[in-house]
Amino acid sequence: MLVLDLVRLDREGSGRVVGAIPMEDPRWEDSGFVFLGPVAVDLRATIAGSGELVLRGGVKAPIQQECRRCLEPVEAGLDTEIAMVFVPADTHEDGDDGEVRTFDAGAAELELSEPVREEILLSIDPYVVCDPECKGLCPKCGANLNTEVCDCVSSELDPRWDALRSLHRE
Ligand SMILES: [Zn+2]
Ligand SMILES: [Zn+2]
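Heads up: these notes are all about the structure in this document. The shown structure was predicted, so the numbers you read here are calculated from the model rather than taken from an experiment.

## A word on the overall build of the protein chain
Then, number 1: Each helix and strand counted, the protein chain has 4 helices and 8 strands in total.
Then, number 2: Within the protein chain, the fraction of its 170 residues that count as buried is 14%.
Then, number 3: Long-range contacts, defined as pairs at least 24 residues apart, comprise 51% of the intrachain contacts of the protein chain with a sequence gap of at least 6.

## Re the nonpolar core
Then, number 1: Formed by 19 residues in total, the largest nonpolar core has its most connected members in L4, V39, V41, A45, V59 and V116.
Then, number 2: Among the elements of the structure, helix 1 (6–12), strand 4 (39–47), strand 5 (53–66) and helix 2 (113–123) are those that each provide at least two residues to this core.
Then, number 3: It is strand 5 that provides the largest number of residues to this core, a total of 5 residues.
Then, number 4: Among residues more than four places away in sequence, those in contact with V116 are L2, I21, V41 and V59.

## A look at unusual backbone geometry
Excluding glycine, residues mostly carry a negative phi; peptide bonds, for their part, are mostly trans.
Then, number 1: Unusually for a residue other than glycine, L71 sits at a positive phi of about 70°.
Then, number 2: Inspection of the secondary structure assignment puts L71 in the loop between strand 5 and strand 6 (73–88).
Then, number 3: Classification of L71 by C-beta neighbours within 10 Å gives partly exposed; the count is 13.

## Considerations on the pairing of strand 5
Then, number 1: In this structure, strand 3 (residues 34–35) lies alongside strand 5, joined through 2 bridges in antiparallel fashion. Directly across from F35, in strand 5, lies its bridge partner I63.
Then, number 2: Pairing geometry for strand 4 and strand 5, over 8 bridges, is antiparallel. The residue of strand 5 that forms the bridge with T46 is V54.

## Side note on the environment of R8
Then, number 1: Note that R8 resides in helix 1.
Then, number 2: Taking the C-beta count within 10 Å as the criterion, R8 has 15 such neighbours and is therefore assigned partly exposed.
Then, number 3: Residues R8 and E109, 101 residues apart in the sequence, show an inter-C-alpha distance of 9.2 Å.

The rules behind the values
- Residues numbered from 1 in each chain as written.
- Chains lettered and ligands numbered in written order.
- Predicted model: local features only at pLDDT ≥ 70, side-chain atom pairs only at ≥ 80, totals over all residues.
- Helix = DSSP H or I, 4+ residues; strand = E, 2+ residues; numbered from the N terminus.
- Buried ≥ 20, exposed ≤ 12 C-beta atoms within 10 Å, placed from the backbone.
- Contact = placed C-beta atoms within 7 Å.
- Core = buried A, V, L, I, M, F, W, Y, C linked by C-beta atoms within 7 Å.
- Pairing = 2+ DSSP bridges.

Structure follows, in structure tokens:
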């Protein structure tokens, strides 16, 4: 659980949230990413002059994704900065902006697991490749062209190959 102590934040003017979201957290289930370990979260909280709560810090996790070309698993490290702003609920009129996060300034604490999860999912690059040179899958037979050679490519009528072939003939 990631919880910010609002009473302490109010007293000290700043706060810190250090914790982790477990890898087996049901929140990750339909994310499309596989977490190989817990997500470490370290955020600093401050109250801006306008009363807004600002949270800023880093999140880190080992994740496994699919190469977008060959679909092989790729281990990628997530290590990024996130920032979130919460507007006091009593100063915010519902309906002006669905994107605005609010918090109850009179509450003792603020639960952060869900907003942090949203930020993490937004910050993961879905377009990873196993290698910049990855040849991907054959669009015809599905062979992984990094490890197999199929016959489809040579019979492909790609104009670029025609140009090369004619060069060879001359
Ligand atoms: Zn690949
Ligand atoms: Zn093929």
